[in-house]
Amino acid sequence: MVQEKITLRSKPSFDETFILSSSQMMEKNVFVTVGTTEFVELIKTATSDDILKVLRNLGFTKVLLQIGRGSFEPESLCESQNPAVEYYRYKEEISDDIHSADLVISHAGAGSVLDALGAGKPLLVVVNDQLMSNHQVELAQRLYQDGYLHYCTCSTLKKTLETVDFSTLLPFPSGEPTKFAQHLDNIMGFV
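Residues numbered from 1 in each chain as written. Predicted model: local features only at pLDDT ≥ 70, side-chain atom pairs only at ≥ 80, totals over all residues. Heavy atoms only, no water.

(A) Looking closely at the overall build of the protein. Tallying secondary structure elements over the protein gives 8 helices and 6 strands in all. Along the chain direction, N to C, the helices and strands of the protein fall in the order α-β-α-α-β-β-α-β-α-β-α-β-α-α. Contacts in the protein between residues at least 24 apart in sequence constitute 59% of all its contacts with a sequence separation of at least 6. When the accessible area of the protein is evaluated, it comes to approximately 11900 Å², of which 52% is carbon and sulfur surface. (Helix = DSSP H or I, 4+ residues; strand = E, 2+ residues; numbered from the N terminus. Contact = heavy atoms within 4.5 Å. Areas by Shrake-Rupley, 256 points an atom, 1.4 Å probe, with all protein chains shown as cover.)

The structure is reproduced here in structure tokens:
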């Protein structure tokens, strides 16, 4: 009868650690949302070769887009594309997509901004500079000044992604929707 010696270790050896991490690479996800609006320029920009290259260089492996009611749908992309790109128009609930994202790129709608900030995700707001009487700029500027997010326009998205440090963002105070509503009222001049 041959007996095998079994050695139990609480930690894997260096070689085992390397094998595990290389075979189970972590996905790094970006979630792009335009809410229920039509913001074709953001969807086109986010799926452009330049932006996908920047995201790949930042280590992102997947881009999920919620494209809203815009007329533009990203072309079918090669499955082996890195980062992988997927999209949908609407879902009842996008909180799972926000929570699974490592970075949220969002239009400046208050609901989308609040959802991302409430989830504690790094947030890059892309302001639609084509809108008249654009309160979105005021909201983005104020939340940027308070240290909760970064913002840009479609024309500056590439440079912003290449240069901002998301680790400097402050956590948004959780569970205080009244405080956020007061913040919005102040920005909009209702108070």
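(B) Summary view of the sheet that holds strand β1 (residues 29-33). Spatially, 6 strands are ordered β3-β2-β1-β4-β5-β6 in an open sheet, and the strand pairing comes out parallel. Single-partner strands in this sheet number two, and they are β3 (84-88) and β6 (150-153). In this sheet, adjacent strand axes meet at a mean angle of 20° when their direction is disregarded. As judged from the 4 bridges shared by β1 and strand β4 (residues 103-106), these two strands associate in the parallel manner. The residue of β4 that forms the bridge with valine 32 is isoleucine 105. Running over the sheet, helix α5 (residues 110-118) touches β1, β4 and β5 (123-127) and is turned about 170° from β5. (Pairing = 2+ DSSP bridges. Axes fitted to C-alpha atoms, helices over the stretch in contact; angles between N-to-C directions.)

(C) Highlighting α5. What α5 keeps buried is the set Ser112, Val113, Ala116 and Leu117. For α5, the arc enclosing every buried residue in end-on projection is 125°, short of the 170-degree limit, so these residues lie on one face. Looking at the buried side of α5, the elements it contacts are β1, α4 (95-99), β4, β5 and α6 (135-145). Immediately beyond the C-terminal end of α5, within one or two residues, lies glycine 120, with a positive phi of roughly 75°. (Buried < 20%, exposed > 50% of the residue type's maximum accessible area, 1.4 Å probe, protein only. Arc of directions from axis to C-beta.)

(D) A look at the pattern of salt bridges. In total, this model carries 5 salt bridges according to the counting rule given. For glutamate 73, the salt bridge is made with arginine 89, and the minimal N-O distance between the two is 3.0 Å. Placement of the pair is glutamate 73 in the loop between β2 (62-66) and β3 and arginine 89 in the loop between β3 and α4, with a sequence separation of 16 residues. Residue classification places arginine 89 among the partly exposed residues on the basis of a relative accessible area of 28%. (Salt bridge = Lys/Arg side-chain N within 4 Å of Asp/Glu carboxyl O.)

(E) Inspection of α6 at higher detail. Along α6, the residues classified as buried are Gln136, Leu139, Ala140 and Leu143. Along α6, the residues classed as buried sweep out an arc of 95° about the axis, all on the same side. Looking one or two residues past α6, glycine 147 carries a phi angle of roughly 85°, positive in sign.

(F) Representation of the nonpolar core within the structure. One finds Val32, Ile105 and Leu161 to be the most contacted residues of the largest nonpolar core, which totals 26 residues. Within the residue set of this core, elements represented by two or more residues are β1, α2 (40-46), α3 (49-57), β2, β4, β5 and α7 (157-163). Non-local contacts of valine 32, meaning those with residues more than four positions away in its chain, are made with Leu42, Ile43, Ala46, Val63, Leu64, Leu65, Gln66 and Ile105. (Core = buried A, V, L, I, M, F, W, Y, C linked by side-chain atoms within 4.5 Å.)

(G) Spotlight on the packing of aromatic side chains. One pass over the full model with this rule turns up 2 aromatic pairs. The interplanar angle of 75° and the centroid separation of 5.6 Å between the aromatic rings of tyrosine 144 and tyrosine 151 together place this pair among those described as edge-to-face. The class of tyrosine 151 is partly exposed, set by a relative accessible area of 28%. With a centroid separation of 5.0 Å and 75° between ring planes, the pair formed by tyrosine 148 and phenylalanine 172 is classed as edge-to-face. With tyrosine 148 in the loop between α6 and β6 and phenylalanine 172 in the loop between α7 and α8 (177-188), this residue pair connects regions lying 24 residues apart in the sequence. In this structure, tyrosine 148 and phenylalanine 172 share a single accessibility class: buried. (Phe/Tyr/Trp six-rings, centres within 6.5 Å; stacked < 30°, edge-to-face > 60°.)

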